[in-house]
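Coordinate inspection notes
Here's the letter readout for the chains.
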Amino acid sequence: MQADEQTVSLDETNWREQVEEAFRQGGSVFLIARPDAREDLKAAILSLAVEPVELGFLQVYPMVEGVQRHSQGFAVRLQVREMVQ
């Protein structure tokens, strides 16, 4: 992981708010899910693909840059290309 990457657990009730805040800070996000929560991870990715994240006056859709096995299960790396500077 790089310094501007944050990790958010899908187990958190406010995972989406944490993802949005990480994007507001300009970084990318690793969304982590337990091995038995693959369906929840799929639903989370689809939610982010359908409902945009608000960054200032922009509404953006995070891109999935990769999926990898993680010590806690699966990690999906999310990033947005458009950033307000």
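In what follows, the structure referred to is the one given above.
Definitions and cut-offs
- Residues numbered from 1 in each chain as written.
- Predicted model: local features only at pLDDT ≥ 70, side-chain atom pairs only at ≥ 80, totals over all residues.
- Heavy atoms only, no water.
- Pairing = 2+ DSSP bridges.
- Helix = DSSP H or I, 4+ residues; strand = E, 2+ residues; numbered from the N terminus.
- Axes fitted to C-alpha atoms, helices over the stretch in contact; angles between N-to-C directions.
- Parallel < 35°, antiparallel > 145°, perpendicular 65-115°, else oblique.
- Left-handed = near helix turned anticlockwise from the far one by under 90°.
- Contact = heavy atoms within 4.5 Å.
- Nonpolar A, V, L, I, M, F, W, Y, C, P; charged D, E, K, R; others polar.

**Brief notes about the pairing of strand E5 (residues 63-70)**
Two faces make up the sheet, and in a regular strand the side chains alternate between them. Of the strand pairs in this sheet, E5 and strand E6 (residues 73-79) are connected by 7 bridges, and their pairing is antiparallel. Bridged to His70 within E6 is Gly73. The antiparallel hairpin formed by E5 and E6 contains 2 residues in its connecting segment.

**Structural notes on the packing of helix H1 (residues 15-24) against helix H2 (residues 38-50)**
Between H1 and H2, the least distance of the axes is 12 Å, while the angle of their chain directions is 50°. Judged by the inter-axis angle, H1 sits oblique to H2. At the point where H1 passes H2, the crossing takes the right-handed sense. Contacts between H1 and H2 involve Trp15, Arg16 and Val19 on the former and, on the latter, Ala44, Ser47 and Leu48. Its residues assigned to classes, the contact of H1 with H2 shows 4 nonpolar, 1 polar and 1 charged.

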